[in-house]
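# Structural overview for review
Now for the letters of each chain:
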Amino acid sequence: MTPFSNSNILQRIGTIDTHTGGEPTRVVITGIPDLGDGSLCDQRLVFEEQFDEFRSAVVNEPRGSDVMVGALLLPPTNPNSVASVIFFNNVGTLHMCGHGTIGVAIALQYLNRIPTGHHQIDTPVGTVGFELFDHNRVTIQNVPSYRHRADVEVEVEGIGIIRGDIAWGGNWFFLVNQHRQTLRLENVERLTQFTWKIRQALNANGITGEDGAEIDHIELFGPPVNPENHSRNFVLCPGKAYDRSPCGTGTSAKLACLFESKQLEPGEIFRQESILGSLFEGSIEINSDGKLIPSITGTAYVNAESTLLIDQNDPFRTGIRH
């Protein structure tokens, strides 16, 4: 039965919910639509074009929320991988998701599909390695990351000139160090408005990532609350929700910028706080091709094992879409 047919039978979608540093991931394990046998990039496109109602039903209200990130758990495309995954959120699909990969690893462990040790998982932007440790701890070896442009200026309405770096960490980021904002949880509404204006200004001025790619993540940095750490961040995600975790792809982009600015050496640990105070530890290595590979370490926990029910008579069965 295809998702959201006209049948009166309740449709069921099996999920495992986790959170990584406070940021939720809903891993879809059953009831996944048929995306064909193309590449993972092709399957992501099929999911976008043909199953957007499924995406919305899983992560949007009334079953989810703006902050929920979904992950379709699919068979591996690489024979050495344990699974493939397509990430999505309240407004569309994602190229990659660092906190989500950590959450998927813990979900796979919960399902008794993997033991502790080294594994890898396929994503639309490449294969990502990860090390599963005891006590819910995971290190991911992310896709190659880099700074595309440094010290880019943009005129932001009501704010003025903002300067930032454009970098790739599995998603496109605009990273801002000088912003005169206080990165505290009580300032979330102000920070959301501030970063949303930056994103709108980037779009209005045609400022993009490589090959015209949209910059859909904005990341602010400031001093850490815990002096043992190096930085605190605030990350605005594509659907206008802020990241509760320190953001795996955002931390990867930050590591690339630090390396390019000669502020971080391979193997050196960088400790990144989120707006909640949760922590990722990051480091880099340069592979044999000369590409920068970030490693991100964090913890995740299983919150729920659930069956989502889709009732064809429910006017909000496909979620409350933006």
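Residues numbered from 1 in each chain as written. Predicted model: local features only at pLDDT ≥ 70, side-chain atom pairs only at ≥ 80, totals over all residues. Heavy atoms only, no water.

Here we come to the overall build of the protein. Along its length, the protein carries five helices and 15 strands. Against the 2.2 N^0.38 benchmark of 20 Å for 322 residues, the protein shows a C-alpha radius of gyration of 19 Å, consistent with a compact globule. Once the C-alpha set of the protein is aligned to its principal axes, its extents read approximately 55 × 45 × 35 Å. The burial tally for the protein puts 55% of its 322 residues in the buried class. A separation threshold of at least 6 residues defines the contact pool for the protein, and within that pool the share at least 24 residues apart is 62%. Accessible area for the protein stands at about 14000 Å²; split by element, carbon and sulfur atoms hold 45% of it. In the protein, the 24 positive side-chain charges and the 38 negative ones have mean positions that sit 5 Å from each other. (Helix = DSSP H or I, 4+ residues; strand = E, 2+ residues; numbered from the N terminus. Rg over C-alpha atoms; globule rule 2.2 N^0.38 Å. Buried < 20%, exposed > 50% of the residue type's maximum accessible area, 1.4 Å probe, protein only. Contact = heavy atoms within 4.5 Å. Areas by Shrake-Rupley, 256 points an atom, 1.4 Å probe, with all protein chains shown as cover. Lys, Arg positive; Asp, Glu negative; His and termini not counted. Charge placed at Lys NZ, Arg CZ, Asp CG, Glu CD.)

Considered for burial, the residues of helix α1 (residues 40-50) that qualify are Leu-40, Gln-43, Arg-44, Val-46 and Phe-47. Across the axial projection of α1, the buried residues extend over an arc of 160°, all falling on one side. Contact partners of the buried residues in α1: α2 (52-59), β3 (69-74), β4 (83-88) and β5 (117-123). (Arc of directions from axis to C-beta.)

With that settled, the discussion passes to unusual backbone geometry. Between Glu-61 and the following residue, Pro-62, the backbone shows a cis peptide bond with an omega angle of 10°. Turning to its location among the elements, Pro-62 is positioned in the loop between α2 and β3. Positive phi, normally seen in glycine, also occurs at Asn-136, with a value near 65°. Mapping Asn-136 onto the fold places it in the loop between β6 (126-132) and β7 (137-141). Residues other than glycine seldom take positive phi values, yet Cys-247 does so here, at roughly 70°.

By the definition in use, this model includes five aromatic pairs. Among the aromatic residues, those joined into a cluster by ring pairs are Phe-47, Phe-54 and Phe-88. One residue, Arg-244, lies across the ring of Tyr-242, its end atom 3.8 Å from the ring centre. Across from the ring centre of Phe-221, 4.0 Å away, lies the NZ or CZ of Lys-254, which sits over that ring. (Phe/Tyr/Trp six-rings, centres within 6.5 Å; stacked < 30°, edge-to-face > 60°. Lys NZ or Arg CZ within 6 Å of the ring centre and 35° of its normal.)

Residues Phe-87, Val-104, Phe-174, Ile-198 and Phe-234 are the most contacted members of the largest nonpolar core, which totals 59 residues. Within the second largest apolar cluster, 18 residues are counted, among which are Phe-47, Phe-51, Val-59 and Phe-88. (Core = buried A, V, L, I, M, F, W, Y, C linked by side-chain atoms within 4.5 Å.)

Throughout the structure, instances matching the rule amount to twelve salt bridges. With a closest N to O distance of 3.7 Å, Glu-48 and Arg-44 form a salt bridge. Here Glu-48 and its partner Arg-44 are both found in helix α1, four residues apart, which amounts to about one turn of the helix. You can call Arg-44 buried: its relative accessible area is 16%. Here Glu-53 ties to Arg-321 by a salt bridge, and the two come within 4.0 Å at their closest N and O atoms. Of the two residues, Glu-53 sits in helix α2 while Arg-321 sits in the segment after β15 (292-310), which places them 268 residues apart along the sequence. On the basis of relative accessibility, which here comes to 35%, the residue Glu-53 falls in the partly exposed class. (Salt bridge = Lys/Arg side-chain N within 4 Å of Asp/Glu carboxyl O.)

Taken across its six residues, strand β11 (residues 217-222) has six buried, putting it largely inside the fold. The two faces of β11 match: His-217, Glu-219 and Phe-221 on one face and Ile-218, Leu-220 and Gly-222 on the other face are all buried. Both strand β10 (residues 172-176) and β11 contribute to a ladder of four bridges, which runs parallel. Paired with Phe-173 across the two strands is His-217, which belongs to β11. Between the parallel pair β10 and β11, the chain is carried across by helix α4 (residues 188-204), and the sense of this crossover is right-handed. (Pairing = 2+ DSSP bridges. Right-handed = clockwise from strand over helix to strand, strands pointing away.)

Following the criterion strictly, the structure yields zero disulfides and no others. Of all cysteine sulfurs, the one in Cys-97 lies closest to Cys-41, which takes part in no disulfide; the gap is 16 Å. With relative accessibility at 43%, the residue Cys-41 sits in the partly exposed group. The thiol sulfur of Cys-237 is not disulfide-bonded, and the nearest other cysteine sulfur, from Cys-247, lies at 5.9 Å. Judged by its relative accessible area of 12%, Cys-237 is buried. (Disulfide = S-S within 2.5 Å.)

Further remarks concern the packing of α1 against α2. Where α1 meets α2, the closest approach of the two axes is 5 Å, and the angle between their N-to-C directions is 85°. Between α1 and α2, the angle falls in the class roughly perpendicular. Side by side, α1 and α2 meet where Phe-47, Glu-48 and Gln-50 of the first sit next to Asp-52, Phe-54 and Arg-55 of the second. Classifying every residue of the contact of α1 with α2 by side-chain character gives two nonpolar, one polar and three charged. (Axes fitted to C-alpha atoms, helices over the stretch in contact; angles between N-to-C directions. Parallel < 35°, antiparallel > 145°, perpendicular 65-115°, else oblique. Nonpolar A, V, L, I, M, F, W, Y, C, P; charged D, E, K, R; others polar.)

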